[in-house]
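# Commentary on secondary and tertiary structure
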Amino acid sequence: MILNNASIKALRRAKGEMNITTIALAKEIGVSRFSLARALKGQGITSNNAKIINNWLITQLLEK
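Residues numbered from 1 in each chain as written. Predicted model: local features only at pLDDT ≥ 70, side-chain atom pairs only at ≥ 80, totals over all residues. Heavy atoms only, no water.

## Considering the confidence of the model for the protein chain
Interpreting fine coordinate detail is not advised for predicted regions of low pLDDT. Per-residue confidence for the protein chain gives a mean pLDDT of 96, with 100% of residues at or over 70. Across the protein chain, the secondary-structure element scoring lowest on mean pLDDT is helix H4 (residues 47–63), at 95, and the one scoring highest is helix H2 (residues 22–29), at 98. (pLDDT = per-residue confidence, 0-100. Helix = DSSP H or I, 4+ residues; strand = E, 2+ residues; numbered from the N terminus.)

## Let's talk about the environment of Met 1
As for its position among the elements, Met 1 is in the segment before helix H1 (5–18). Between the C-alpha atoms of Met 1 and Ala 50, which are 49 residues apart in sequence, the distance is 7.2 Å.

## Focus on the nonpolar core
Counting 16 residues, the largest nonpolar core has Leu 3, Leu 11, Ile 29, Leu 36, Ile 53 and Trp 56 as its most contacted members. Secondary-structure elements contributing two or more residues to this core are H1, H2, helix H3 (33–41) and H4. No other element matches H4, which puts four residues into this core. Leu 3 has contacts with Ile 8, Leu 11, Ala 39, Ile 45, Ala 50, Ile 53 and Asn 54, leaving out every residue within four places of it along the chain. (Core = buried A, V, L, I, M, F, W, Y, C linked by side-chain atoms within 4.5 Å. Buried < 20%, exposed > 50% of the residue type's maximum accessible area, 1.4 Å probe, protein only. Contact = heavy atoms within 4.5 Å.)

See the structure below:
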């Protein structure tokens, strides 16, 4: 499964705003650094990881 462009953009923006590494962001989200790196590049990840990332993005959006 590939994240849609809006999710990839939001994920990249969150990473930049937080000014953290991919490894640190992956730990915060709860996915492996490899899965997060693939998601950031727009490559395929498992549907479960996509769900975890999207849920994290929604949580971040609601906290703002």
